[in-house]
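Residue strings, one per chain:
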Amino acid sequence: MQSDEAIRSAFPGDLYQSWGDVCRRLVGAGYGDVVTDSYLRHSPELARLASPQAAIALAAIVSGLAIRAGRRAASLAPAAAIVAAKRYTDAASLQEWLRLIEQVGDQAPESAGALLDQTASLTARLDVRALASWIRIGLRSNNGEPERRLRFFTLEDPNARRWLLRESGEVGFLDLEARLKPYLAALWGETPPMRETPANAPEQARRRPGFDGSVVRLPAAYPGFSGSDSEKLYRAAVAHIGAHLKFSRERFPVGGLKPAQIALVSLIEDARVEQLAMRELPGLRRLFTPFHVAEASGTATAPGLFARLARALADPAYDDPDPWVQKGRRAFFEAEADWGSQQISRRIGDLLGNDLGQMRVQFDPKNYVVQPPYRDDNLGLWDFGDDDQQQSSEAEQVLSSARIRQEQDDSRPPDRTETEMGDTGGRVEVIEQAQDGVLVARYPEYDYVAAREQPEWTSVKEYAPKAVANGPAARLVEEHADLVARVAALIRSARVSRAERLRRQPEGEFLDIDACIEATVARRIGEAADHRIHGRYERRSRDLSVLLLLDISQSTAEKMRGSTRTVLDVERQSAALLARAMAGLGDPFAIAAFCSDKRDDVRYVRIKDFDRGYDDLVDARLDGLESGLSTRIGAAMRHAGADLARERSYRRLLLVVTDGEPSDIDVEDRQYLVEDARKAVHHLNRFGIDTFCVGLDSNADSYLGRIFGQRNAITIAAVERLTDLLPKLYLTLSR
């Protein structure tokens, strides 16, 4: 407890009495000594750091936390306020932080303690505005479930870590995962599974990449690096591990090596595989060397010498005066002819390790972190055997983080069976067929909670369409010949084109000046004047491109109400009907289908492109469509819109046919994908692309109206109603 004089200096004048009053209220409330002692100890320091008023206001927050979130959270708040005050030095920011703590205590009391536990790391990475956004996401994105909220605020939820990266402006593994896999494959032809290092892995494992021959582990983030540097760092890490996978063919037996020798053999092996890699791919030098920043200065500690040696072996321009570093560099490059053998790493590492012992330079393996940061933790290079229990035990904690491959090995065949919740709340079996998609584009996704787009958040992969001969779409003419004719007539009658300026009309919307002059001249010279002196605008030709986008998510496998046909049956027949009619008129049109398996796999199937004629293959592809997975409609519309944007037509229409609310298994908030789809529609409209949606579900009015606007969405329950739909569609276009 501080002296009374010190406390009076922190709370001058009447504020001392106010502070005493709040202290007495805390003591009298019976929250326990741990709460009151914490406030009594820290509040004077907070008064000096921020203001006496802030310290006094803190008492009410502590009291509220004690009531709603428990004594532990209440006792954490005063110390956390000190940390926050040192980070947020202006009064408004600290006041906002206090308000946020109070808000979490009120709305998510189970998470208040977890949030306060992480005050130091959160405030170090986020300004108060970003912290408020992150907290708001945590409060609103877990559907009010306390256990899930707690996982968010303890950062056990990957989404929490992802959002933290976003708010801090950093780039993490989840942002780059889709790019790193093809990058590794392009460099080395290797496609091992990549995983984010689990949050509960030991600190060293979380700070460095790793591999064990089957799975590549990468840190969730590289704190302190900017977005572009982080991406380069991840690429360097992947390139380095790829070099190990190619050139480190055997594991070194640990045997009786000391920790310093293990670290040095690993360092030489890192340098060896990089040199071999740069022989094949010289451009990798520009990727690796910028991260070697060790300088020849300061006390010659083991980590410092190791980092300098690593740079000396990688950077030809680096010159280091230390004899030990020079000896290592000389030994390494004198053995250049033997770089193809791993044994040089063992030999040079042993040599340098012995020298290090003679130099009496201490090496602490517990605190050693491999440098530079793109290099892996080297555990994948070593065979600890079964006899060395101590070494195995030390390695076990780190290696355990790689065991996720047993559950998440994505080298398995893509066929899989899993379940997801259907619209009715029942469990629906989803079967994904063996098929490889090709990543073709990444699109942003709008987060309505944060009120901003997340760039390159979704990955659209195009899948080859299947074709089924003589299916329902192919038999459409036989079964619905009259309907085909009616639809064709309706489309033919619609005037959708640029308005043309027609001159020399007997009547019209404006005077044709040239015709007026000619008529005046004719009258003055005594000739009969032409009375056609007006002009008007008229749509006389067709100029329309249409892309029909079909939802083939799992819910389209359900039967239509009162019918034996599935939703997908109705979709493919509607598509075939429209395609036949438009093909007869010569309008450019395309057909595509979509479904999704989380944001990294939005599946897009091209049934017919604009430059392809309509033929039996299109019908066969429609008949080959299968229902499956989810409905991430925003990304699919953005991709379809990109196709439409390349069309030169006066009117461009994206016609979406769907049966269900936007959803995906990695999104819990039902409103999230609805708002993203709405944003996608607005974006397309800004680029002159009209959107119209046909909902094959009578309950879809609410969210389809929200996404497309009430005038641009309609629901139907039977294919025959398409004749009612088309006039409304063209009336919309004509406005």
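Predicted, not measured: the structure shown is a model, and the values here were computed from it.

What counts and what doesn't
- Residues numbered from 1 in each chain as written.
- Predicted model: local features only at pLDDT ≥ 70, side-chain atom pairs only at ≥ 80, totals over all residues.
- Heavy atoms only, no water.
- Helix = DSSP H or I, 4+ residues; strand = E, 2+ residues; numbered from the N terminus.
- Contact = heavy atoms within 4.5 Å.
- Pairing = 2+ DSSP bridges.
- Axes fitted to C-alpha atoms, helices over the stretch in contact; angles between N-to-C directions.
- Expected span 1.5 Å × (residues − 1).
- Buried < 20%, exposed > 50% of the residue type's maximum accessible area, 1.4 Å probe, protein only.
- Salt bridge = Lys/Arg side-chain N within 4 Å of Asp/Glu carboxyl O.

Peer 1: Describe the environment of Ala-579, with residues and values.
Peer 2: Along the chain, Ala-579 falls in helix α25 (residues 567-585). For Ala-579 and Tyr-614, which are 35 residues apart along the polypeptide, the C-alpha to C-alpha distance reads 7.4 Å. For Ala-579, the contacting residues outside a window of four places in its chain are Phe-589, Ile-591 and Tyr-614.

Peer 1: Help me get a handle on the sheet that holds strand β2 (residues 210-211), residues and values and all.
Peer 2: Here three strands make up an open sheet; going across it, the order is β1-β3-β2 and the pairing mixed. Two strands lie at the open edges of the sheet, namely β1 (194-196) and β2, each paired on one side alone. The pairing of β1 with strand β3 (residues 216-218) spans three bridges and is classified as parallel. In the strand pairing of β3, Arg-195 is matched with Arg-217. Its contacts with the sheet put helix α12 (residues 173-188) on β1 and β3, and the angle it makes with β1 is roughly 160°.

Peer 1: Kindly report on helix α15 (residues 259-280), identifying the contributing residues and their values.
Peer 2: Given 3.6 residues per turn, any residue in an α-helix points the same way as the ones three and four places further on. In this model, α15 (22 residues) spans 32 Å end to end at C-alpha, consistent with the 32 Å of a helix rising 1.5 Å per residue. Judged by how many residues are buried, α15 sits mostly within the fold: 19 of 22 residues are covered.

Peer 1: So what's going on with the pattern of salt bridges? Residues and values would help.
Peer 2: Enumeration over the complete set of coordinates arrives at 39 salt bridges. The shortest N-O distance in the salt bridge between Arg-503 and Asp-514 comes to 2.6 Å. Placement of Arg-503 in strand β10 (residues 500-505) and of Asp-514 in helix α24 (residues 513-524) is noted, with a sequence separation of eleven residues between them. You can call Asp-514 partly exposed: its relative accessible area is 40%. Between Arg-606 and Asp-643 there is a salt bridge; the shortest N-O distance is 2.6 Å. Linking Arg-606 in strand β15 (residues 602-608) with Asp-643 in helix α27 (residues 633-645), this pair joins segments that are 37 residues apart in sequence.

Peer 1: An account of the pairing of strand β8 (residues 438-447) is requested, with residue identities and associated values reported.
Peer 2: For β8 and strand β9 (residues 452-463), the ladder comprises eight bridges, and the chain directions are antiparallel. Bridged to Leu-439 within β9 is Lys-461. Hairpin geometry of β8 and β9 is characterised by an intervening segment of four residues between the two adjacent antiparallel strands and by a positive phi of about 55° at Ala-451.

Peer 1: Give a description of the side chain of Ser-459 that names residues and reports values.
Peer 2: Relative to the helices and strands, Ser-459 is located in strand β9. For Ser-459, the residues in contact, after removing those within four places along its chain, are Ala-178, Leu-439, Ala-441, Arg-442, Arg-599, Asp-600, Asp-601 and Val-602.

Peer 1: For unusual backbone geometry, give the residues involved together with the corresponding values.
Peer 2: A negative phi holds for most residues other than glycine; trans holds for most peptide bonds. Of note, the amide linkage connecting Gln-371 to Pro-372 takes the cis form, showing an omega dihedral of -5°. With respect to the helices, strands and loops of the structure, Pro-372 is situated in the loop between α19 (343-358) and β5 (382-383). In this structure, Arg-504 takes a positive phi of about 55° despite not being glycine. Among the structural elements, Arg-504 can be located in strand β10.

Peer 1: How would you summarise the side chain of Glu-274 if you had to cite specific residues and measurements?
Peer 2: With respect to the helices and strands, the residue Glu-274 is situated in helix α15. On the basis of relative accessible area, Glu-274 is assigned to the buried category, the value being 1%. Once you skip the residues sitting within four places of it in the chain, Glu-274 turns out to touch His-240, Phe-288, His-292, Ala-314, Tyr-374 and Arg-375.

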